[in-house]
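Per-entry structural report
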Amino acid sequence: MLVKLKRFVIKAIEWKSRNGMTILRFSLGIIFIWFGILKFFPNVSVAEDIAGRTIRKITFGMVTKQYSMPFLALWECTIGIGLITGKKMVYILFILYLQMIGTFLPLVLFSGECWTSVSFAPTLLGQYIIKNVVLVSSAIVIGATANGGALISNPLVAIRALKLQSIEHKKN
């Protein structure tokens, strides 16, 4: 029984190693496309108001919601399509990181709306923004494999790879 369980666990780890990054890219891509599409339609996205006000504030009132939402929608859909296709990942992740900086700005620019009177307790809007830490973390993991990095399911191979990597870092 234990041998079968161990084989099952090993197979599951191998499957996750082979497919996990693709699943992560696709799921993150779907989220960006979904939220991006919502912004093409006025008054549909719950983030529309805060995003529009943030863009207006950082552009000193020069870009209104009427223009910023279609641009932001296109930007998010581009990120999503790039994540799903896996093409030009360096550029896709760069614009994702830029977009994420913008999503965190309301925590500072509109702090009264993002935090309760207790400074470490976010409002619902603040929680909506803070959850983007997970999206950024996902992008970092994707970025680690975008230029040839890999998930290694075999612990012995992984240990050897880490030792080789350590030797390479010491040389440089």
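Residues numbered from 1 in each chain as written. Predicted model: local features only at pLDDT ≥ 70, side-chain atom pairs only at ≥ 80, totals over all residues. Heavy atoms only, no water.

With an unreviewed UniProt entry as reference, the protein chain is termed DoxX family membrane protein, source organism Pedobacter petrophilus.

Moving on, we get to the UniProt feature "transmembrane region" (unreviewed entry) in the protein chain. Sites flagged by UniProt as "transmembrane region" (unreviewed entry) map to residues 21-41, 67-84, 91-109 and 129-152. Annotated as 100% helix and 0% strand, the span residues 67-84 places its first and last C-alpha atoms 26 Å apart. Between the C-alpha atoms that bound residues 129-152 the distance is 33 Å, and the span itself is 71% helix and 0% strand. (UniProt positions renumbered as here; feature names shortened; annotations may be inferred. Helix = DSSP H or I, 4+ residues; strand = E, 2+ residues; numbered from the N terminus.)

Moving on, we get to the side chain of N132. Within the element layout of this structure, N132 appears in helix α8 (residues 132-146). There is a polar contact of 3.5 Å between the side chain of N132 and the side chain of T103. If we skip the residues at most four places from it in the chain, N132 touches M100, T103 and F104. (Polar contact = N/O pair within 3.5 Å; in protein donor to acceptor, adjacent residues only side chain to side chain. Contact = heavy atoms within 4.5 Å.)

Attention shifts here to the environment of L2. Structurally, L2 can be placed in helix α1 (residues 2-39). On the basis of relative accessible area, L2 is assigned to the exposed category, the value being 69%. Considered as a pair, L2 and T54 are 52 residues apart in the sequence and their alpha carbons are 56 Å apart. (Buried < 20%, exposed > 50% of the residue type's maximum accessible area, 1.4 Å probe, protein only.)

Enumeration according to the criterion identifies 1 aromatic pair in this entry. Ring plane angle 75 degrees and centroid distance 5.5 Å describe the contact between F71 and W75, whose orientation is recorded as edge-to-face. Remark: W75 and F71 occur in helix α3 (residues 65-85); sequence separation between them is 4 residues, near one turn of the helix. We classify F71 as exposed; its relative accessible area is 53%. The lysine or arginine in question, R53, covers the ring of F110, its NZ or CZ lying 4.7 Å from the ring centre. Residue placement shows K131 over the ring face of Y128; its charged tip is 4.4 Å from the ring centre. (Phe/Tyr/Trp six-rings, centres within 6.5 Å; stacked < 30°, edge-to-face > 60°. Lys NZ or Arg CZ within 6 Å of the ring centre and 35° of its normal.)

Trans peptide bonds make up most of the peptide bonds, and negative phi angles are found at most residues other than glycine. Although it is not a glycine, N43 sits at a positive phi angle of roughly 65 degrees. Position of N43 relative to the elements: it lies in the loop between α1 and α2 (48-58). A positive phi angle, near 50 degrees, is found at K88, a position not held by glycine. Relative to the helices and strands, K88 resides in the loop between α3 and α4 (89-104). Assessed through its relative accessible area of 61%, K88 is described here as exposed.

Let us now look at the pattern of salt bridges. Scanning all chains against the criterion turns up 4 salt bridges. Notably, a salt bridge pairs K39 with E76, separated by 3.0 Å at the nearest N-O pair. Taken as a pair, K39 in helix α1 and E76 in helix α3 lie far apart in primary sequence, 37 residues in all. Each member of the pair, K39 together with E76, is buried. Note that R53 is salt-bridged to D49, the shortest N-O span being 3.1 Å. Here R53 pairs with D49, and both are found in helix α2, just 4 residues apart, close to one helical turn. Given the relative accessible area of 27%, R53 is considered partly exposed. (Salt bridge = Lys/Arg side-chain N within 4 Å of Asp/Glu carboxyl O.)

Within the largest apolar cluster, 14 residues are counted, with the highest numbers of intra-cluster contacts made by L28, F32, L83, L96 and I142. Elements with a minimum of two residues in this core: α1, α3, α4 and α8. When residues in this core are grouped by element, the largest group, 5 residues, is from α4. (Core = buried A, V, L, I, M, F, W, Y, C linked by side-chain atoms within 4.5 Å.)

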